[in-house]
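Now for the letters of each chain:
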Amino acid sequence: MENTKIYDSNEFQNEYVSMIVKEVATILEERGYNPVNQIVGYLMSGDPGYISSHKEARNKITAFDRTKILEILVEDFVSKK
């Protein structure tokens, strides 16, 4: 028998949030926007108008708490140093 693997649900959520942010960035780029400027504008102000509604990008990113998105982005940045 194989050993039981324990998964951390936070790991899954963090990965999912990262995937959505990357997807939203790609969608914004497709529309001709600077994805960094738009996402930062949204995260700083809370105004969903910074994110295009094209391909449901706005709905996707606003499904998560902005603080959680920032936390994941900073953790990712710090862990790569």
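Provided above is the structure to which this section pertains.
Attention here is on the structure that accompanies the text. Sequence positions are assigned chain by chain, starting from 1 and proceeding in written order. Residue-level local features of this predicted model are given only where pLDDT is at least 70; pairs of side-chain atoms are given and counted only at 80 or more, and the full residue set underlies all totals for whole chains, interfaces and linings. Excluding hydrogens and water, the side-chain figures rest on all heavy atoms present in the structure.

With that settled, consider the environment of lysine 68. By the criteria applied, helices consist of DSSP H or I runs no shorter than four residues and strands consist of E runs no shorter than two, each listed in order from the N terminus. Mapped onto the elements, lysine 68 comes out in helix H4 (residues 66-79). Here's how the labels work: a residue is buried when its accessible area is under 20% of the maximum for its type, exposed when over 50%, partly exposed in between, all with a 1.4 Å probe on protein chains only. Looking at lysine 68, the relative accessible area reads 18%, which means it is buried. Once the C-alpha coordinates of lysine 68 and valine 17 are considered, the two residues, 51 residues apart in sequence, prove to be 8.6 Å apart. Here, residues are in contact when the closest pair of their heavy atoms is within 4.5 Å. Aside from chain neighbours lying at most four places away, what touches lysine 68 is Gln13 and Asn14. Looking at lysine 68, its side chain comes within polar contact range of the side chain of asparagine 14, at 3.3 Å. A 3.5 Å cut-off defines polar contacts: any pair of N or O atoms within that distance qualifies, except that in protein one atom must be a possible hydrogen donor and the other a possible acceptor, and neighbouring residues in sequence count only when both atoms are side-chain atoms.

In this section: the nonpolar core. Soluble globular proteins tend to pack their nonpolar side chains together in the buried interior. What is meant by a nonpolar core is a set of buried Ala, Val, Leu, Ile, Met, Phe, Trp, Tyr and Cys residues, joined one to another through side-chain atoms within 4.5 Å. If you look at the biggest cluster of nonpolar residues, it comprises 16 residues, and the most contacted ones within it are Val17, Val24, Ile39, Ile51, Ile61 and Ile69. Elements with a minimum of two residues in this core: helix H1 (9-30), helix H2 (35-45), helix H3 (57-62) and H4. The dominant element in this core, judged by the number of residues it contributes, is H1, at seven residues. Beyond its immediate stretch of four places on either side in the chain, valine 17 contacts Phe64, Ile69 and Ile72.

Whenever Lys or Arg places a side-chain nitrogen within 4 Å of a carboxyl oxygen from Asp or Glu, that contact is recorded as a salt bridge. Inspection of every chain in the model, using the stated rule, returns four salt bridges. Of the charged contacts in the structure, one is a salt bridge between glutamate 23 and lysine 60, with a shortest N-O distance of 2.3 Å. Here glutamate 23, found in helix H1, pairs with lysine 60, found in helix H3; they are 37 residues apart in sequence, far enough to count as distant. Among the residues examined, glutamate 23 registers a relative accessible area of 29% and is labelled partly exposed. Residue glutamate 71 is joined to lysine 68 by a salt bridge in which the shortest nitrogen-to-oxygen separation is 3.6 Å. Residue glutamate 71 and its partner lysine 68 are located together in helix H4, separated by three residues, close to a single helical turn.

What follows is about the side chain of serine 52. Within the fold, serine 52 resides in the loop between H2 and H3. At a separation of 3.0 Å, a polar atom in the side chain of serine 52 contacts the main-chain amide nitrogen of histidine 54.

We now examine the environment of asparagine 59. Relative to the elements of secondary structure, asparagine 59 occurs in helix H3. When the C-alpha atoms of asparagine 59 and valine 24 are compared, they prove to be 9.8 Å apart, with 35 residues separating the residues in sequence.

Of note, lysine 55 is a non-glycine position whose phi angle comes to about 50°, a positive value. As for its placement among the helices and strands, lysine 55 is situated in the loop between H2 and H3. For glutamate 56, which is not glycine, the phi torsion reads 65° and is therefore positive. Position of glutamate 56 relative to the elements: it lies in the loop between H2 and H3. With a relative accessible area of 44%, glutamate 56 lands in the partly exposed category.

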